[in-house]
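# Close look at the chain arrangement
One letter stands for each residue in the lines below.
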Amino acid sequence: MSRSRGRRLGAFVFLTPGLTYLVVLLLVPLALVLSYTVFQRGRFGGVVYEFTAENFERLVDPLYLDVVIGSLKIAAVTTVIALLAGYPTAYLIAQLPRKWKTIALVAIVLPFWTNFIIRVYAWIILLSGPGLVNSGLKVFGIEPLELLYNEGAIVAGLVYSYLPLMVLPLFAAIEKLDPQLREASANLGASGLTTFRKVTLPLTVPGVLTGSLFVFVPSFGNFVIPELLGGSKSLMVGNLIRQQFLSARDWPFGSTLALALIAVLLVLLVAQAWVARRA
Amino acid sequence: MRRSKLLYVPFWATYVFLYAPIAVLVVMSFNAGESAYTYEGFSLKWYGELAGDDRIMNGVVNTLIVAVGSTVIATVLGTLLAVGLARYTRSKLLDAVSLMPAVLPDLVLAIGLLVFYGMIQLTLGLYSVILAHGVFAMAFVAAVVRTRLSGADTSLEEASRDLGAGPVATFMRITLPQLAPGIVAGALLAFTLSLDEFVIAFFTIGNAEPTLPIVIYSMIRFGVTPKINALAAILLLVSFTAVIAGQRLTKIGESRAQD
C-alpha cells in the first residue's frame, strides 16, 4: 500500500465516525436552532416555516431585555465574588509545600465532583426560613431573615457551584510566576501591596480572565439554580429559554433567546482572547 | 517568601464555604425527626426508607444505563477522533468542532437536541439521553486522549508503517496499547460526567422514567425531607471515594511511568 493512500484511508477510518456523530447530533441541531429564530411558532409547539422578524422584536421588548440584563448582572456579581475569594486562596495554595498543595487543590475540586443538584439543595437547607443560618441568627436575638428565593441566594448558589473553576486557572497562573520577580520588587523597596499591584497581578491576568470566563459562562446560562434558589420572582435567561421550550411551547422565541445567550458568550470569548494576547 | 497572615482569612473562609453546606446536609440525614432543618436526635431510618423507594431505585438504574451507554459511545468515537485529529489532519476547524460540545452551554446543546429529535420525530426515552450524553462525553474523551497522544513517542508508529503495516494494524498493535491509560482516564471522566448530568437529560428524556438527578430535582421541588439528605450523603460518599481513588490511581500510574 502506498504511503499517501494509507494516510487517506487512515483519515477516513479514524475521522468519519466521530465527525459524523458530531455533525448529526451537534451541528445539525445547532443549525436548526439558528434557523428557528426567523420562523413563526407552531400552534402546538414546533415551527411554521414562514419568515418573521417578530422573535427579534420580542427580544428587545423591555420585558425580556430586562431579564437578559438582569442575568448579565447576576453572572457579573458572581464572577467578581468568585474572583475576590478565589485569588487569595489560589495565591496561598501556590505557596504551600508540595504535599499540602496537592491536598488543598483536591479539597477545592472535591465538591465540584459531587452531584450538582445536591450541591444546590444544600443551600435550600442552609438558607430556608427554619434553616441553619436563621437558627444561628436567633441565638443572637436576630429575627429570621428572608434569605431564600431572592437574587442573593442565586448568587450564593452560583459562587458555590463554580468557585473551583475560578481557583484552578488562577492557581496555574500564580504558580508559574518566578518568585524572584517578587523578591526583586521587594528588594527595590516596594511594599507588599505595590508588588502585588505592579508585578503579581499583571502577570496573572491570563489566569484571571480564564477563571472569570469559566465562572461567567455557566452562571449566565443557568436555569437550575435560579429555579431552585430564586423562587418564582427572579427569572434569568436560562429560565426563559426553559419556559419557551418546555411550557410555553414557543420554540422560535426560545431559539432566539438561546442565540442571544450564545452571542454574549462569543463576544466574551473574543474579548478574552484579545486581552490575553495583549497581556 | 513573605506570606501575609491576613491571607489565611479568605483562604480558610473559602474552605469553610465549600464544606459547611455539605456537612450540614450529612448531619441532617441522621435526623430522627421529620424535618430537614431541625435536628431531633440520631436515627438511620431515612437510609432505610431510601432503599424502599422505587422511584429512587429506578432512577439509579436508569442513570447507570445512560452512563454506561454514553461512555461506550464516547470512548470508542472519542479515541478514534483523537487519533484521527492528531495523526491524519492539521485542520484547526475540525479541532474546534471536536471541542465544541465541551465549551457550549449545556442548555444550548439540550434545546438543540430537543429540536432535532422533534424534527426527526424520535420518541424520547433513555436512548435519546444516551445519544445526547455521548456528544459532550466524546469531546472530553477526545481531549484527554489527545493530551496523551501529544506526549507519545511516534517512532514506533513510523517503524510499524515502514514495515508495511496499514493504519488499522498500526493503530491496533502500537497506538492503542500506548494510549490505554489515557483512554481509561477519558472513559472514567465521561462516566462521571454522565452520572451527574441534569440539564441535557431533563430536556431529552421526554415522559420516560427519569434518571436520578431528575428524580432528585422533582423531589426537591415537591418539598424537602431528610430522605433527600440521606440520598445526598450516599452520593457524596460515592463521589468522594471515586475522586480520591482516582487521585491515588493517577499517582501510582505516574510513579510507574517514571520508573
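Cut-offs used in this document
Residues numbered from 1 in each chain as written. Chains lettered and ligands numbered in written order. Predicted model: local features only at pLDDT ≥ 70, side-chain atom pairs only at ≥ 80, totals over all residues. Heavy atoms only, no water. UniProt positions renumbered as here; feature names shortened; annotations may be inferred. Contact = heavy atoms within 4.5 Å. Buried area = accessible area lost by both parts, 1.4 Å probe. Salt bridge = Lys/Arg side-chain N within 4 Å of Asp/Glu carboxyl O. Polar contact = N/O pair within 3.5 Å; in protein donor to acceptor, adjacent residues only side chain to side chain. Nonpolar A, V, L, I, M, F, W, Y, C, P; charged D, E, K, R; others polar. pLDDT = per-residue confidence, 0-100. Axes fitted to C-alpha atoms, helices over the stretch in contact; angles between N-to-C directions. Helix = DSSP H or I, 4+ residues; strand = E, 2+ residues; numbered from the N terminus. Parallel < 35°, antiparallel > 145°, perpendicular 65-115°, else oblique. Left-handed = near helix turned anticlockwise from the far one by under 90°. Buried < 20%, exposed > 50% of the residue type's maximum accessible area, 1.4 Å probe, protein only. 1 Å grid on protein atoms, 1.4 Å probe; cavity = no way out; pocket = protein on both sides within 12 Å on 5 of 7 lines; lining within 4 Å. Points joined across faces, edges and corners; volume = space filled by probe spheres on them. Expected span 1.5 Å × (residues − 1). Bend = angle between axes of the 7 residues up to and from the residue.

Identification of chain B as Spermidine/putrescine transport system permease protein from Nonomuraea fuscirosea is taken from an unreviewed UniProt entry. Note on chain B: under the UniProt heading Subcellular location (unreviewed entry), the record states "Cell membrane". Within the UniProt record for chain B, the comment given under Sequence similarities (unreviewed entry) is "Belongs to the binding-protein-dependent transport system permease family. CysTW subfamily."

In the annotation of an unreviewed UniProt entry, chain A is listed under the name Spermidine/putrescine transport system permease protein and assigned to Nonomuraea fuscirosea. Checking UniProt for chain A, the heading Subcellular location (unreviewed entry) contains the comment "Cell membrane".

The interface of chain A with chain B comprises 79 residues on the first partner and 80 residues on the second. Of all residues in chain A, Phe 14, Trp 113 and Tyr 121 of chain A give up the largest surface area on contact with chain B, accounting jointly for 11% of the area buried on that side. In this assembly, chain A and chain B are joined by one salt bridge. A salt bridge links Glu 227 of chain A to Arg 221 of chain B; the nearest nitrogen and oxygen atoms lie 3.1 Å apart. Scanning the region where chain A abuts chain B turns up 11 residue pairs in polar contact (both at pLDDT 80 or more). Classifying every residue of the side of chain A that touches chain B gives 61 nonpolar, 13 polar and five charged.

Bringing the confidence of the model for chain B into the picture now. For chain B, the average pLDDT comes to 87, and 95% of its residues sit at 70 or higher. Prediction confidence for the complex, expressed as pTM and ipTM, is 0.89 and 0.88 respectively.

The next thing to look at is the packing of helix α5 (residues 116-127) of chain A against helix α7 (residues 151-176) of chain A. All names here are of chain A. Where α5 meets α7, the axes come as close as 10 Å, and the angle between the chain directions of the two elements is 140 degrees. Relative to α7, the element α5 lies oblique. Crossing geometry of α5 relative to α7 is assigned as right-handed. Here α5 contributes Phe 116, Arg 119, Val 120, Trp 123 and Leu 127 to the contact with α7, which in turn contributes Ala 153, Ala 156, Tyr 160, Ser 161 and Tyr 162.

A few words on the pattern of salt bridges. Applying the stated criterion across every chain, the model contains eight salt bridges over all chains. Salt-bridge contacts for Asp 95 of chain B lead to Arg 146 of chain B; the nearest nitrogen and oxygen are separated by 2.5 Å. Of the two residues, Asp 95 of chain B sits in helix α4 (residues 92-103) while Arg 146 of chain B sits in helix α6 (residues 126-151), which places them 51 residues apart along the sequence. Owing to a relative accessible area of 25%, Asp 95 of chain B belongs among the partly exposed residues under this scheme. On the accessibility criterion, Arg 146 of chain B (28% relative accessible area) is partly exposed. What emerges from the salt-bridge pattern is a single network uniting Arg 41, Arg 58 and Asp 250 of chain A.

Per the UniProt record, "domain: ABC transmembrane type-1" (unreviewed entry) is annotated on residues 60-246 of chain B. Within residues 60-246 of chain B, the helical portion is 83% and the strand portion 0%, while the C-alpha atoms at the span's ends are 22 Å from each other.

Enumeration over the complete set of coordinates arrives at one cavity of 30 Å³ or more. What lines the largest cavity is Phe 14 of chain A together with Val 83, Arg 87, Tyr 88, Glu 157, Arg 161, Pro 167, Thr 170, Phe 171 and Thr 175 of chain B. Going through the elements one at a time, α3 (54-87), α7 (155-162) and α8 (167-196) of chain B are the ones with two or more residues in the lining of the largest cavity. At four residues, the largest contribution of residues to the lining of the largest cavity is made by α8 of chain B. For the lining of the largest cavity, the residue count by class is five nonpolar, two polar and three charged.

All names here are of chain A. Along the polypeptide, Val 48 turns up in strand β2 (residues 47-51). Sequence separation between Val 48 and Leu 163 is 115 residues; the distance between their C-alpha atoms is 43 Å. Look past the residues within four positions of Val 48 in its chain and what remains in contact with it is Phe 39, Gln 40, Arg 41 and Gly 42.

Right, let's get into helix α10 (residues 212-222) of chain B. Residues and elements named next belong to chain B. Within α10, eight of the 11 residues are buried, which leaves it mostly tucked inside the rest of the structure. Turning to α10, its buried residues number three or more, namely Leu 212, Pro 213, Ile 214, Val 215, Ile 216, Tyr 217, Met 219 and Ile 220. Looking at the residues trailing α10, positive phi occurs at Gly 223, about 150 degrees.

Our next topic: helix α1 (residues 8-29) of chain B. Residues and elements named next belong to chain B. Relative to the 32 Å expected for 22 residues at 1.5 Å per residue, α1 spans 32 Å between its end C-alpha atoms, a close match to the ideal helical length. Most pronounced at Tyr 19, the bend in α1 amounts to some 30 degrees, and the proline Pro 21 follows within four residues. Looking at α1, one finds that the buried residues are Phe 11, Thr 14, Tyr 15, Leu 18, Pro 21, Ile 22, Val 24, Leu 25, Met 28 and Ser 29.

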